[in-house]
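The chain contents come next:
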Amino acid sequence: MRILIAYLSYSGNTEEVAELLERRFQQEGISVDMYEIGFGIVPNVRDYDCLCLGTFTWDYGRTPDEVKDFVAEVGYKPDNVAIFGTGDTQFGGDAIYCQAVDKLARFYHSKWPGLKIEQSPRGHQERYVNEWIEGVLEDVTVFA
Ligand SMILES: Cc1cc2nc3c(=O)[nH]c(=O)nc-3n(C[C@H](O)[C@H](O)[C@H](O)COP(=O)(O)O)c2cc1C
């Protein structure tokens, strides 16, 4: 199985989540490629069994433009897209907390609820990351 983790991170929180995911998937013997959105050539998503797409939320619930550009570049809706992201409830409360995660999960008709982490995933939230990974691994459909 091959997984692509594509993420955007300005201040490092979403990157930390991406790195936790990478480590856990690798522990399961899964081949993982990391792609930091905006850096280098966009990988061919068709080469992977699952795309984990990570984003922070910005500007009153918005999805960053770089992530929208990535989505446009991918150009189609793969079957297995799992969304994760970070946010901060101080920016407007629950209504817009990690809203980019919800929007992308809806857009891709994701099988999995989006993983939402408040700022850094270190500490008690690491549990949410691990539970989310279990869910993804249970349900990834492999068309190999
Ligand atoms: C100007 C600004 C606007 C933000 N707006 C939101 C928001 O609408 N919703 C949210 O959940 N978080 C919001 N945040 C919090 C970031 O999404 C959060 O800090 C995130 O972890 C940053 O990710 P990164 O460290 O990967 O860059 C905002 C942060 C900044 C600086």
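The structure presented is a predicted model; accordingly, all values stated were derived computationally and were not measured. (Residues numbered from 1 in each chain as written. Predicted model: local features only at pLDDT ≥ 70, side-chain atom pairs only at ≥ 80, totals over all residues.)

(A) Examining the overall build of the protein chain more closely. Along the backbone of the protein chain there are 4 helices and 5 strands. The linear arrangement of helices and strands in the protein chain, starting from the amino end, is β-α-β-β-α-β-α-β-α. Computed over its C-alpha atoms, the radius of gyration of the protein chain comes to 14 Å, within 12% of the 15 Å expected for a compact globule of 144 residues. Here the C-alpha coordinates of the protein chain stretch approximately 45 × 35 × 25 Å along the principal axes. By the burial criterion, 40% of the 144 residues in the protein chain qualify as buried. Put simply, 76% of the contacts in the protein chain that link residues at least 6 apart link residues at least 24 apart. (Helix = DSSP H or I, 4+ residues; strand = E, 2+ residues; numbered from the N terminus. Rg over C-alpha atoms; globule rule 2.2 N^0.38 Å. Buried ≥ 20, exposed ≤ 12 C-beta atoms within 10 Å, placed from the backbone. Contact = placed C-beta atoms within 7 Å.)

(B) Spotlight on helix α2 (residues 65-74). V67, F70 and V71 are the residues of α2 that are buried. With its buried residues spanning 100° around the axis, α2 presents them on a single face. Exposed residues on α2 whose side chains face more than 90 degrees from its buried face are D65, A72 and E73. Looking at the buried residues of α2, the elements they touch are β1 (2-7), β3 (50-56) and α3 (99-107). Of the residues flanking the end of α2, it is G75, one or two places downstream, whose phi is positive at about 80°. (Arc of directions from axis to C-beta.)

(C) Expanded view of the site of the ligand. Taken together, the neighbourhood of the ligand is formed by 22 residues, with S9, N13, T14, F56 and G87 sitting nearest. Of all the secondary-structure elements, those providing two or more residues to the shell around the ligand are α1 (13-27) and β4 (81-87). It is α1 that provides the largest number of residues to the shell around the ligand, a total of 3 residues. Residues of the shell around the ligand, tallied by class, amount to 8 nonpolar, 11 polar and 3 charged. (Near = placed C-beta within 6 Å. Nonpolar A, V, L, I, M, F, W, Y, C, P; charged D, E, K, R; others polar.)

(D) Up close: α1. Here α1 is 15 residues long and its end C-alpha atoms lie 22 Å apart, about the 21 Å a rise of 1.5 Å per residue gives. Among the residues of α1, N13, T14, V17, A18, L21 and F25 are the ones counted as buried. Summarising the axial view, the buried residues of α1 lie within an arc of 145°, below the 170-degree limit, and thus occupy one face. Across α1 from its buried face, at more than 90 degrees, point the exposed residues R23, Q26 and Q27. Its buried side turned inward, α1 meets β1, β2 (31-36), β3, β4, β5 (115-118) and α4 (126-139). (Expected span 1.5 Å × (residues − 1).)

(E) Fine view of unusual backbone geometry. A positive phi angle is found at H109, which is not glycine, with a value near 50°. With respect to the secondary-structure elements, H109 resides in the loop between α3 and β5. Owing to 9 C-beta atoms within 10 Å, H109 belongs among the exposed residues under this scheme. The backbone of Q119 shows a phi angle near 60°, a positive value even though the residue is not glycine. One can find Q119 in the loop between β5 and α4. You can call Q119 partly exposed: it has 18 C-beta atoms within 10 Å.

(F) Structural detail: the sheet that holds β5. Judged by pairing direction, the sheet is parallel, and its 5 strands sit side by side in the order β2-β1-β3-β4-β5 without closing on themselves. Each edge of the open sheet carries a strand with a single partner, namely β2 and β5. For this sheet, the mean angle separating the axes of adjacent strands, direction not counted, is 15°. Pairing geometry for β3 and β4, over 6 bridges, is parallel. Pairing of T55 across the sheet is with G85, part of β4. Along the sheet face, α3 touches β3, β4 and β5 and points at about 170° away from the line of β4. In the packing of α4 onto the sheet, the strands contacted are β3, β4 and β5, and the crossing angle to β5 comes to about 170°. (Pairing = 2+ DSSP bridges. Axes fitted to C-alpha atoms, helices over the stretch in contact; angles between N-to-C directions.)

Shape is all these values report; function is a separate question.
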